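Tertiary structure, described
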Amino acid sequence: MSSLGEKTIERFSSGFGEFDRVLGGGFVPGSLVLVGGDPGIGKSTLLLQSATLMATERQVLYVSAEESSQQVKLRWQRLQGAQSDMKLLAETDLDLVLKELEIIRPEVAIIDSIQALNDGALSSTPGSVAQVRECAAALQRFAKEYDITLVLVGHVTKEGMLAGPKVLEHLVDAVLTFEGDRFASHRLLRTMKNRFGATYELGVFEMQGKGLVEVLNPSELFMSGESASGVATIVACEGTRSLVVDLQALVAATSYPSPRRTATGLGTSRLHQILAVLEKHLSLPLSRLDCYLAVAGGLQVEEPASDLGVAAAVVSSYRDITIPPRTVFIGELGLGGQLRPVGQLSQRLQEAARLGFARAVLPKGSGLDQIDNLELFEASNLREALVIALDEDI
Ligand code: TYD
Ligand code: MG
């Protein structure tokens, strides 16, 4: 039975559950998807693997505008891709790409990358705003006419979102970004825009010797498992997914005229605000100390729900005491030191319970009891929360 306004959209799989999740459940036929990311992060690898998997069920054309077909084939061998009927075209000329699309009429076409395509009718160089816009528009017209699902790969430049994604955002149905720390092996695929699904969905992969592998239990990636002073654990929400994530703080005497504050994976202004609340309401002399904060695994934690965890990590480092193991912190911090409730609380608690956590410190008024073996400790303000967590007077 279907009710008004609840039209189910037909979709097909990208071949990866994590990719499908970020798309909102798979590709919508005939849609236009942009995948952006830093050079070298793994976009070509992801799309070549996905194309290979999809090609077992449907006609897929992979247009490589950056690498020769020899290079793509070498990569393919390295990926030990299954036998697949994927069609490969190494071409930079837009007209020739369109011609090939016309001949093959694939169900899915991947253009890697949109910046490397060249429309000979324009005088500007490939990768310029005019070229990117014109090439994408021509491909889009064609894809709509023949009902082709089109995936455009775009590089991000140092200036931020490249010439590509910025000018293309309004043209495409979905914008995904592929990110990660060059020095770590995991990669995060995120939804920035999606006409057919939720934004801020997160898919997690790991780059291995034979290509990308899905990470089905990503919390494990973001938990250091370390028990040391300065480490506190939070439960972050990314779209419909909850992740248990370790934060690490280091508070130390400064040797600078004005103390250092650095945050990796968290906005510096949030860190400043939390430090100010700690200074004011717990009388900690933090303005005379350096403070460094890092989120494990290169995750970016934007939500205020992690405030309490940040504060706990800072206090733990400042006092040089270890937070009892298997404790998670959830709560937004008001400027007056009060704790504010956060969204998706029971979902967060369930993830912590699933991973074997024993204690959760959270704002008052959750209306929840114990969840499995997870005991809930409610606090109305920061001091109360820290006294409960550390079992020491603050
Ligand atoms: P690539 O997909 O070429 O990145 P992009 O298209 O975003 O520029 O990824 C290149 C990096 O991935 C390169 O540094 C090598 C690494 N890699 C692996 O570690 N394992 C693999 O199986 C493959 C194919 C690449
Ligand atoms: Mg590439």
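Because the structure is a prediction, the values reported are computed rather than measured.

1. A few points about the overall build of the chain
A count of helices and strands for the chain gives 11 helices and 18 strands. By its C-alpha atoms, the chain is 75 × 60 × 40 Å across when sized along the principal axes. The 394 residues of the chain split such that 52% are buried. Put simply, 65% of the contacts in the chain that link residues at least 6 apart link residues at least 24 apart. Approximately 17700 Å² of the chain is accessible, and the part contributed by carbon and sulfur atoms is 49%. Counting 36 positive and 48 negative side-chain charges, the chain places the centres of these two groups 3 Å from one another.

2. As for the side chain of E201
With respect to the helices, strands and loops of the structure, E201 is situated in the loop between strand 7 (186-194) and strand 8 (202-208). Although E201 is buried, it makes no salt bridge; R21 carries the closest opposite charge, 4.3 Å away. Ignoring any residue separated from it by four or fewer positions in sequence, one finds E201 in contact with R21, V22, L189, R190, T191, E238, G239 and T240.

3. Regarding the domain arrangement of the chain
With domains assigned, the chain is organised as domain 1 (17-216) and domain 2 (220-390). Each of domain 1 and domain 2 has a C-alpha centre, and the two are 37 Å apart. Tallying the contact residues gives 13 residues for domain 1 and 11 residues for domain 2. Carbon and sulfur atoms make up 50% of the area that domain 1 and domain 2 hide from each other, which totals about 930 Å². Connecting domain 1 to domain 2 are two salt bridges. When the shortest N-O distance is used, the salt bridge between E238 and R190 registers 2.8 Å. Connecting domain 1 to domain 2 are three residue pairs in polar contact (both at pLDDT 80 or more). Among the elements of the structure, helix 1 (17-23), strand 7 and strand 8 are those that each provide at least two residues to the side of domain 1 that touches domain 2.

4. Some thoughts on the site of ligand 1
Of all residues adjacent to ligand 1, which total 16 residues, the nearest are G40, S44, T45, Q208 and G211. With respect to ligand 1, the backbone of G40 contributes an N or O atom lying 2.6 Å from an oxygen atom. In this structure, I41 approaches ligand 1 through a main-chain N or O atom, which is 3.4 Å from an oxygen atom. Secondary-structure elements contributing two or more residues to the shell around ligand 1 are helix 2 (43-54), helix 3 (69-79) and strand 8. Across the shell around ligand 1, the residue classes break down as four nonpolar, seven polar and five charged.

Reading guide: rules and limits
Residues numbered from 1 in each chain as written. Chains lettered and ligands numbered in written order. Predicted model: local features only at pLDDT ≥ 70, side-chain atom pairs only at ≥ 80, totals over all residues. Heavy atoms only, no water. Helix = DSSP H or I, 4+ residues; strand = E, 2+ residues; numbered from the N terminus. Buried < 20%, exposed > 50% of the residue type's maximum accessible area, 1.4 Å probe, protein only. Contact = heavy atoms within 4.5 Å. Areas by Shrake-Rupley, 256 points an atom, 1.4 Å probe, with all protein chains shown as cover. Lys, Arg positive; Asp, Glu negative; His and termini not counted. Charge placed at Lys NZ, Arg CZ, Asp CG, Glu CD. Salt bridge = Lys/Arg side-chain N within 4 Å of Asp/Glu carboxyl O. Domains from an automatic or database assignment. Buried area = accessible area lost by both parts, 1.4 Å probe. Polar contact = N/O pair within 3.5 Å; in protein donor to acceptor, adjacent residues only side chain to side chain. Near = heavy atom within 4 Å. Nonpolar A, V, L, I, M, F, W, Y, C, P; charged D, E, K, R; others polar.

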